Each structure stands twice: as C-alpha cells, then as structure tokens.
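Here are the chains, one letter per residue:
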Amino acid sequence: MRNQSALFRLLIGSVFSLIVIFAGFWWVGGQIPNWGSTNQEVIASLPGDEIIASPDIIWNHALTIRASPAEIYPWLVQIGDSRAAFYSITFIENLFCMTTGECHYVNADRIHKEWQNPIRGEQGIIINYLVIQDYQPDQFVLAKNSAALPLQWTWLWYIQPLDESSSRLIVRHRIDAPDDVPLGIFNLIMNSGYVMERGMMLGIRERAEGRIPRAYEEPLGALIWLLVFLSGIIAAVHFVKGSASWHALGVGLEVIVILFILTFIQPPFWLRLVFLMLIAAGVAILYWQKAVRQSNSSKSATPET
C-alpha cells in the first residue's frame, strides 16, 4: 500500500465508489415507481385514474399500517402546508419554503377537527399548486394540480383495509410531464422527491399506530446521517494517504451503501444506531491499524544495542 502513489489510490477509490454509487442509484431508480406495492395494487383501478388517461409517469407506493381506515384517514385529509404539513422531514420541507417565502411547515401531532372537511377544488396541499380534488371518509384523499402548475398531476392517498386492525396505504401519482422538460431529467427530479414521500408515509404510519414522533428524533436522524457521512470522509482520507490498509476502502464503500439505506429506506432508529456503530467500529480499526504501523516503524528504526 505504501508503495502506491496517492494519485493511484485516489483513482482506485474513485472508481470503486462510483461503481457503488451508480449501482445504488440504479437500484433505487428501479424500485421507486412501485416501491412497496404488490402487483395487484399496481394494476388496480383507483379513484382519479380517469383524470389523466395516459400519464408519462405512474408511481405506486404502499406500506402496511397496523390501524383501521378510520384511524388512518383523519391524518390524511388534513395534509397540507397551511394545515398539518406532511409528517416528513421538516427541515427539508422548510428549505423549500425558504425559496418561496410562502409557507412554513409544522408537522401536526394530533388530529384537528377543523381540518377534516376541506373545500373540494380549493383547499391547497402544496401552496396552490396541488389542491384537494375529492375525498371520501375512511377511503381516500385525491389531489390534483391547479392551473398554477404547468403539468398534469394527480396524487392519491388510498386506504385498503386488510382486517379489523390493519390496512394498506397506497399512494399513487399519475403525471404528464411538461413538454419543455426532457422526461429523463423530470423523472430524476421526481425520484429525488421520493425521499420526502417515504418520510410522509412512515410519519403517517407512526401517527395512525398511536406513536407520535418525539421532537429529538428528526435532528438525531440527521446527526446519524452526518456522522456516517463524515466517517466515509475519514476512511477516504486514510486510504488516499496510504496510512491504512484496504480496510479503509471497504469502510468507505460500506458508508455509501448505508447512506443509501438511511436516505431512501429510512429504517427505524435502533437500526440506524446499529449502522452507526458498525461504521464507528470500522473507523476505530483504521486508527488501530495506523497505531500498530507507527509502533512497528518506531521499533524497526530503533538501533540495536
């Protein structure tokens, strides 16, 4: 390792990292259109499908919630930037608000009775770009784009009961992309937004199941993400400088995989902490290996008496 130049190690590390990153985005891109959905849910006819007959993009996302439709629906119908927000990653939501200056998100921690009967065709969800088109208590909430948005878009939140105490939450997007934006670029933009929708679905599940997220959980999740990311930087520096073995490259690649998991899958906190401890152990081994090498070098440099 020491005989290899820093430039060579940088090239090797970059190639392996790019391969893992490309594979990660390829996998995520393939999963996003139907993430969590069954084949039956993908082909099912749902409310609002008739509005856009031949959309460019169709998303079907789903997860199981241990709650009845009556326990899930009230959280859905009050979604909106001027009402209950989106139960997702608040600081990212508010970064969007900073660019518009038109909203401020505060995720609701209770059901508001005054938000349970929005005016169809008028109540906005995202400012005035998407408005509630229709809803049926304990069944679905359907949003549609307004004239302010230069595309056709329906966004459906549909509840499919499984038994008395569990349901499937199905989220369907049907979108006709703008003519002046290449479909590939538009699809890439939409894929980046899936991170927020995943957070929304998990936030709804937690609330419907009776667990209101604590205030510290969101900053703790962000801190874990940053610590994992910084661990990857540390591993990369060790590898490029040649102060550690190929183990450093392994830690760096492991960091990339875990960042994909934290970002797109958003596992429970206990599992995030396990990932962080695994990475921390890997970094600790890097420093231990460096200390052993320095100790051996010092011993070999000491003249015999």
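Our subject is the structure that appears above.
Criteria and thresholds
Residues numbered from 1 in each chain as written. Predicted model: local features only at pLDDT ≥ 70, side-chain atom pairs only at ≥ 80, totals over all residues. Heavy atoms only, no water. 1 Å grid on protein atoms, 1.4 Å probe; cavity = no way out; pocket = protein on both sides within 12 Å on 5 of 7 lines; lining within 4 Å. Points joined across faces, edges and corners; volume = space filled by probe spheres on them. Helix = DSSP H or I, 4+ residues; strand = E, 2+ residues; numbered from the N terminus. Nonpolar A, V, L, I, M, F, W, Y, C, P; charged D, E, K, R; others polar. Core = buried A, V, L, I, M, F, W, Y, C linked by side-chain atoms within 4.5 Å. Buried < 20%, exposed > 50% of the residue type's maximum accessible area, 1.4 Å probe, protein only. Contact = heavy atoms within 4.5 Å. Salt bridge = Lys/Arg side-chain N within 4 Å of Asp/Glu carboxyl O.

In this section: the layout of surface pockets. Rolled over the atoms, a probe with the dimensions of a water molecule shows which regions are left empty. Roughly 1100 Å³ of volume is contained in the largest pocket. If you go around the largest pocket, you meet 42 residues; those closest to its centre are Ile-89, Glu-218, Gln-266, Phe-269 and Arg-272. When contributions to the lining of the largest pocket are tallied by element, the ones reaching two or more residues are α4 (90–100), α5 (183–208), α6 (217–241), α7 (247–265) and α8 (269–301). Here the lining of the largest pocket takes 10 residues from α5, the largest share from any one element. A per-class count over the lining of the largest pocket returns 22 nonpolar, 9 polar and 11 charged.

Among the nonpolar cores identified, the biggest contains 71 residues, and Leu-76, Ile-79, Trp-155, Trp-157, Leu-169, Ile-204 and Val-228 are the most heavily contacted of them. Here the element with the most residues in this core is α7; it accounts for 11 residues. Beyond its immediate chain neighbours, meaning those up to four positions away, Ile-79 contacts Ala-84, Ala-85, Phe-86, Tyr-87, Ile-125, Trp-157, Met-200 and Ile-204. In this structure, Ala-62, Phe-140, Leu-156 and Ile-170 belong to the second largest nonpolar core, which totals 7 residues.

As a further point, take the pattern of salt bridges. This structure, assessed with the given rule, holds 6 salt bridges. Across the pair Glu-41 and Arg-168 runs a salt bridge, and its minimum N-O distance is 2.8 Å. Of this pair, Glu-41 sits in helix α2 (residues 39–43) while Arg-168 sits in strand β6 (residues 166–176), and the two are 127 residues apart along the sequence. In this pair, the class of Glu-41 matches that of Arg-168, namely buried. One salt bridge in this structure joins Arg-120 and Asp-134, with 2.9 Å as the shortest N-O distance.

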